[in-house]
Amino acid sequence: MEALSERAGFIRDSLRKSQTITDNMVSILGSFDHRLSALETAMRPTQIRTNSIRRAHENIDKTLKAAEVILAQFDLTRKAEAKILKGPHEDLESYLEAIDQLRANVKFFSSNKGFKSSDGVLNHANNLLAKAISKLEDEFRQLLTIYSKPVEPDRLYDCLPNSLRPSSTSNGGQGDAGGKSHSEHQKNLETAVYTPLTLIPPRVLPLLHDLAQQMVQAGHQQQLFRIYRDTRASVLEQSLKKLGVERLSKDDLQKMQWEVLEAKIGNWIHYMRISVKLLFSGEKTICDQILDGFDSLRDQCFAEVTANSVAVLLSFGEAIAKSKRSPEKLFVLLDMYEILRELQSEIEVLFQTKACLEMRESALSLTRRLAQTAQETFGDFEEAVEKDATKTAVQDGTVHPLTSYVINYVKFLFDYQSTLKQLFQEFDESDPDAQLATVTTRIMHALQNNLDGKSKQYKDPALTQLFLMNNIHYIVRTVRRSEAKDLLGDDWVQIHRRIVQQHANHYKRVSWAKILQCLTVQGPGSSGGSATGGDASGSVLSRTTVKDRFKTFNVQFEELHQRQSQWTVPDSELRESLRLAVAEILLPAYRSFMKRFGPLIENGKNPQKYIRYTPEDLEPILNEFFEGKTWNEQKR
């Protein structure tokens with residue numbers, strides 16, 4: 001316990017000392033707090049000065065940075081100025097970069113006008129920019145002019161399909177169709193491949209585009225438009241002139257010989273195809289690339305560049321459509337209508353914008369005008385055929401020139417039948433096949449009416465029948481061998497074949513009836529039988545009568561031979577058929593007459609004076625009929 005008591009006393013003393021120390025520390029710390037408060041009060045002015053100095057430094061830094069930016073803009077302006085003063089020709093890319101930089105500088109100083117020198121800097125930069133754009137205009141004009149050259153005809157021909165290239169013997173006309181029909185040639189054109197025409201080297205187009213872009217951004221759109229229009233329009237017109245395109249008035253065309261005019265129309269068709277598929281298409285390509293991004297300007301430029309060239313081409317077509325109509329013009333009108341129909345979809349694509357509306361409508365209007373003129377020419381042709389007043393008859397009764405002309409005309413029409421059907425539908429939506437059949441039938445009817453009139457010019461009724469037989473046969477044979485047969489139909493062919501046979505029968509009756517009467521037992525008007533009636537002993541004819549009959553037969557046969565060997569049946573099959581038909585009625589009658597009455601003469605004096613021909617002699621003589629021999633040829 002004592003020990004514990006001693007420890008407890010020791011602890012108590014220790015605690016008292018610890019409390020004393022704690023009290024002393026509190027007292028010391030209290031004095032420190034007082035001193036710090038005093039120190040803080042003493043330091044406050046110094047802190048204020050330090051904050052001011054720091055803010056001043058920050059302001060100085062900001063000012064220096066702003067000055068650096070301004071100085072950098074001055075430096076960029078100086079560098080841009082140096083590039084611009086050199087001009088764009090040597091390094092166009094750097095020149096364009098300098099203009100962009102100069103624009104950025106102008107924008108910078110325009111938004112920082114607090115500087116004393118900002119106005120002066122802006123004026124200098126704007127003046128420099130104006131000079132730069134002016135040099136750009138010159139560069140654009142020079143670059144476009146250098147690479148804008150008229151296209152030589154040979155280059156254009158090289159871009160055409162082989163079937164459309166001029167042959168070595170032609171003078172720039174349409175290529176040789178290789179003997180193919182018009183319809184076959186047109187089918188080949190549907191798959192023909194054209195090589196695109198390069199008017200400006202592709203490497204130059206991006207440079208021209210960049211120059212154009214800078215001019216537009218500078219507000220020089222009108223200057224750009226004038227430069228582009230004047231340069232490209234002139235070159236396009238020169239290209240067409242080199243090709244052979246010329247401006248001709250209606251009066252110019254009226255004075256031309258048909259052969260000359262026909263050649264010019266053929267060339268115009270070729271020029272239209274080259275212009276639309278190559279030249280105008282090429283102009284659209286470069287215009288789209290150079291003025292890409294400026295739709296309104298691009299459309300206006302293309303319209304102005306092509307306007308005069310399109311007008312020159314279409315004016316020729318208008319002059320032809322308005323010129324005096326004639327049958328031979330129908331096919332060139334169809335050719336012209338055909339090329340415009342062929343190019344119509346491409347014309348609509350090339351000239352689809354509002355700026356090109358007038359050209360698009362002019363092309364469509366010409367198409368309709370040509371269709372209308374062609375249709376009116378149909379009516380003229382039908383009327384001309386029916387009223388053809390050619391007085392000179394074909395002396396030998398052969399196929400009349402009018403017949404061959406009209407039938408060849410119809411054959412050509414059927415070579416254009418797909419075009420004709422399109423043309424009919426311009427004005428009438430009914431079945432085009434039926435319309436074509438109606439037109440053809442009317443023309444054939446008009447021809448037959450005219451031939452009936454011409455046949456009456458012959459004094460010899462036998463020649464009248466031969467003439468009609470020849471001409472109707474020619475018509476039927478041609479129709480059977482052409483596409484017209486499908487439209488006119490088998491009934492039409494059969495009816496007209498019967499008409500041919502009727503004329504052949506009429507010919508035999510009027511030509512040979514009189515001579516056959518010489519071979520009857522009794523003469524004309526008696527009631528006696530034919531030469532085959534009765535027997536030799538019961539003959540009703542006296543020797544004198546028989547002699548007269550043989551003499552009459554000889555005279556009439558020789559007269560028929562002399563005259564009808566000058567007549568012509570041009571179709572060999574029809575000629576042989578007609579000779580055979582004559583032989584079938586003449587030879588049996590002559591043979592029978594000879595058999596019955598020949599002995600009366602043979603037993604008398606000079607029998608050869610009356611019996612000049614045996615039945616066998618007549619056959620080769622009949623084979624000389626319808627050969628178209630002249631009198632001199634007969635005597636030889």
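Here's what I pulled together on the structure shown here. These figures come from a predicted structure and were not determined experimentally.

## Examining the overall build of the chain
- Looking only at helices and strands, one finds 22 helices and zero strands in the chain.
- Across the 636 residues of the chain, 42% fall into the buried class.

## Observations concerning unusual backbone geometry
- Even without being glycine, Asn606 reaches a positive phi, approximately 45°.
- Tracing the chain through its elements places Asn606 in the loop between helix H20 (572-602) and helix H21 (615-622).
- Although it is not a glycine, Phe626 adopts a positive phi angle of roughly 65°.
- Within the secondary structure, Phe626 sits in the loop between H21 and helix H22 (631-635).

## Re the environment of Gly604
- Its place among the elements puts Gly604 in the loop between H20 and H21.
- With a relative accessible area of 31%, Gly604 lands in the partly exposed category.
- The sequence separation of Gly604 and Arg543 amounts to 61 residues, and the corresponding C-alpha distance is 9.3 Å.

## What to know about the packing of aromatic side chains
- Evaluation of the coordinates by the stated rule reveals 21 aromatic pairs.
- With a centroid separation of 5.6 Å and an interplanar angle of 65°, the aromatic rings of Phe331 and Phe412 are classed as edge-to-face. Of the two residues, Phe331 is situated in helix H11 (residues 329-350) and Phe412 in helix H13 (residues 401-415); the sequence distance between them amounts to 81 residues.
- Judged by its relative accessible area of 48%, Phe412 is partly exposed.

Definitions and cut-offs
Residues numbered from 1 in each chain as written. Predicted model: local features only at pLDDT ≥ 70, side-chain atom pairs only at ≥ 80, totals over all residues. Heavy atoms only, no water. Helix = DSSP H or I, 4+ residues; strand = E, 2+ residues; numbered from the N terminus. Buried < 20%, exposed > 50% of the residue type's maximum accessible area, 1.4 Å probe, protein only. Phe/Tyr/Trp six-rings, centres within 6.5 Å; stacked < 30°, edge-to-face > 60°.

None of the figures reported here should be taken as evidence of function without further support.
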